[in-house]
Amino acid sequence: MSDFLSVKEYEAIAKRLSYPTQAFIDGEFTAAASGRTMRSINPATGSVIAELASCGREDVDRAVKIARRTFENGVWSKKHPSERKEIILAFTALLREHLIELAVLESIDSGKPLRACLTGDVPGSIACLEWHAEYADKSYGSISPSGDSAVGMIVKEPAGVVACVLPWNFPLLMMAWKLGPALSEGNSVIIKPASATSLTALKLAELAAEAGIPEGALAVLPGPGPEVGEALGLHPDVDVLSFTGSTEVGRKFLEYSARSNLKRIVLELGGKSPFVILDDITDFAYVAQQAVSAAFWNMGENCTQNSRIIVPEKSKDAFTEAFLAELSTWKTGNPLDPANSLGALVNKTQYDTVLNYIEKGKAEGAQVLTGGQPLHIGQGLFIEPTVFGEVTSTQTIAREEIFGPVTSIMAVSSNEEAIALANDTNYGLQATLFTNNLALAHRCAKALRAGTISVNVYCEGDDSTPFGGYKQSGFGGKDKGRESHSQYVETKTIFMNIEN
Ligand code: NAP
Ligand code: MG
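Quantities reported herein were computed from a predicted structural model and do not represent experimental measurements.

What counts, and at which threshold
Position numbers for residues count from 1 along each chain, tracking the sequence in the order it is written. For naming, the first written chain is A and the first written ligand is 1, with later ones following in the order written. Where local features are concerned, this predicted model is filtered to residues with pLDDT of at least 70; where side-chain atom pairs are given and counted, the filter is 80 or more; whole-chain, interface and lining totals use all residues. Excluding hydrogens and water, the side-chain values take into account all heavy atoms of the structure. Here a pair means two rings of Phe, Tyr or Trp (six-membered ring of Trp) with centres within 6.5 Å. Their orientation is stacked below 30 degrees between planes, edge-to-face above 60, and tilted elsewhere. Runs of E in the DSSP output that reach at least two residues are strands. Runs of H or I that reach at least four are helices, and both are numbered from the N terminus. For every residue, the accessible area (1.4 Å probe, protein chains only) is compared with the maximum for its type, and the residue is labelled buried under 20%, exposed over 50%, or partly exposed between those bounds. A donor here means an N, O or S atom no more than 2.8 Å from the metal, or no more than 3.2 Å when the metal is Na, K or Ca. Since water is not included, a site may seem to lack partners. Two strands are said to pair when DSSP picks up at least two bridges between them.

Draft legend 1. Spotlight on the packing of aromatic side chains. Evaluated as defined, the whole model comprises 13 aromatic pairs. Taking 5.8 Å as the distance between ring centres and 25° as the angle between the ring planes, the aromatic pair formed by Trp131 and Tyr135 counts as stacked. Of this pair, Trp131 and Tyr135 are both found in helix α5 (residues 114–135), four residues apart, which corresponds to roughly one turn of the helix. When the centroid spacing of 5.0 Å and the interplanar angle of 85° are considered together, the rings of Phe253 and Tyr256 count as edge-to-face. With Phe253 and Tyr256 both in helix α9 (residues 247–259), this residue pair falls three residues apart, about one helical turn. In this structure Phe253 comes out as buried when scored by relative accessible area, which is 2%. The exposure class of Tyr256 is buried, given its relative accessible area of 6%. Put simply, the rings of Phe284, Phe296, Phe319 and Phe323 pair up and form one aromatic cluster.

Put into C-alpha cells, the structure is as follows:
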C-alpha cells in the first residue's frame, strides 16, 4: 500500500481536477452545434461530475471535413515518420506528467478502482501509445519478386480519415489501442468516446494539442451512439471505422458501411471466455488467484472476462475452496480508496442488467456460492462479486455475456469435455488454459477457438501481440501489435516496367 496516497488525498485531487467539457474539433474546444449537453456521472456516488457537449450529425460533418482537409494538406500524413514519432512521444511524456490526474479522472467517471487505473489503465495506455509511436519509422512495405523486367513496389499509405467508436469499460486503454497505430501511420483520427466515460478522451485531446499534434489530426466528439456513432458509420468520407463494443452494436457498423461508402470496418466485440483447468492440476492457490483476477478484474466489465470456469469434477471442491478464499481478499467499495479492488458498475443500465442475470441464474437452478446481491454503499452502483456453482451449458448465465462481477464454475469429467465446453459458445475472444503437461498445453491451445489463448496465466498478451476475436467476438482486423497497423493503411502496388 505504501506506493499509494491516502483516500483523502485522492479525493482532494479529484476536487482539483481540470479537464475540458466541450468537443474537440479543429484544435479547439467547442460546444455542440445544437448547443445540447449531456451529464457525466460518477457511478460510485451518483453525483454529476460535469455537463459535456453532446454532439450530433452536424458536428460529425464538420469534424470529418476538417480531418479530410488535414489529411490532404499533409501536415500530419506527410510528415516524416520519425517526426511523427517524436511528437507522439512528446505527447506520451506529457501524459506521464499527468498520470495521477488521469487515473483519478478515469476512476470517478467510470467507477473503476483507482488502484487499477494507477497501475494498469493509465500506464498501460501510455505504454501502448509509445509502442506504436516507436513503430512509426519502422513500418514499411516491400518489393515483389517480379523478375528483371519490372519493379513491383508494395507501398503502405495512411488510409485517410479514421473514426474510432469506443466502449466505457477501458475508456483510455481502448482509445490508446486504436489511436496509437492510427496516428502513428499518419491518419486523421476522430474519436467517439462512450457517453458514460468521455472525460479522459477530452483530457487526452487537450494534452495532444499541447504536445504538438496538429489541429485536425485528432478530434473528440462526445455524444450519443445512435447519433454520433451512426453518423460516423454512415459518413461517405470516413475511410476506416474501428469499433470496440457489444456484438449487437458492432453488427450495425457493417450495415452502415454497406449503406454508405464500403468503408473498412474493424470490430472488437464481446466474449464469454473460458478459464480451463486440465486434470493434471493439483495445486490451486496460484490458479485461484488468476481465476479471480480473470473473473473480477474491472468488476467483470471486461471483454475477456473469464465467466466460465471449467474444472475437473474431481478437483471442483478443492478449486472452489481456494477460489472463494482468494476472492474474500478482494474488497469492494469507494473506487478512490486504494484498498479496494472492486468499484462501482458504470451506470444504472449495466447495474440493472447484471442484477437481472443474477436473478436468472438463481431461477434457472444455478447455486449462489457467494454474493448475489447489490451492495448498498451510499448512492453508488455496487454489486457483490458473485460466484455460481452447479452451472450447466444451457443456462443463460453460461451462454450470454453478463459484463459484470458474476462468474460460473462448471464441472467436467475429462479434458476432452473441457475443451468442447470451452468452445461451446458463439464468442471466441480469449481463453485461459492451466496445465503442467507441455504436449497437452500445445494441443489444447490449438484446439481452443479464440483469438488469444493464455497458458498458465490470465492475460491478453502484451503491446506486441495482436488482440481480436474469432467467431462473433470480432471482425476485420486486430488491435495491438504490428498487425493493428494494417487496419489503418492502404496497400498500393506500384508496378514499374524497367525493360525499356
Ligand atoms: P456498446 O453499447 O456497444 O457501445 C459501444 C459504443 O458504441 C459506444 O460509444 C456507444 O455510444 C456506441 N453506440 C451505441 N449505439 C450505437 C449505434 N446505434 N450506432 C453507433 N454507435 C453506437 O458497448 P458498451 O456497452 O460500451 O461496451 C461493452 C461491450 O464492449 C461488451 O460487449 C464488451 O465485451 C465489448 N468490449 C470488447 C472489447 C474487445 O476488445 N473485444 C473491449 C472492451 C469491450 P454510447 O456510449 O453513447 O451508447
Ligand atoms: Mg461517467
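Text resumes after the structure shown.
Draft legend 2. The coordination of the magnesium ion (ligand 2), seen in detail. Coordination of the magnesium ion (ligand 2) by the protein involves Ile41 (O), Asp109 (O), Asp109 (OD) and Ala196 (O), with metal-donor separations of 2.2 to 2.5 Å. Between consecutive donor residues of the magnesium ion (ligand 2), the sequence gaps follow I-x67-D-x86-A. Taken together, the positions of Ile41 in strand β3 (residues 37–41) and Asp109 in helix α4 (residues 99–110) put the pair 68 residues apart, joining distant regions of the chain.

Draft legend 3. Local environment of the sheet that holds strand β5 (residues 142–143). Read across the open sheet, the three strands follow the order β5-β6-β24; overall the sheet is antiparallel. Either end of the sheet is taken by a strand with one partner, and the two such strands are β5 and β24 (489–497). Bridging between β5 and strand β6 (residues 150–158) involves two bridges; their strand directions are antiparallel. Residue pairing in the sheet places Ser142 in a bridge with Ile154 of β6.

Draft legend 4. Region of interest: unusual backbone geometry. Unusually for a residue other than glycine, Asn298 sits at a positive phi of about 60°. Mapped onto the secondary structure, Asn298 falls in the loop between α10 (285–296) and β13 (306–312). Positive phi values are uncommon outside glycine, yet Lys471 reaches one of about 45°. By the element assignment, Lys471 lies in strand β22 (residues 470–471).

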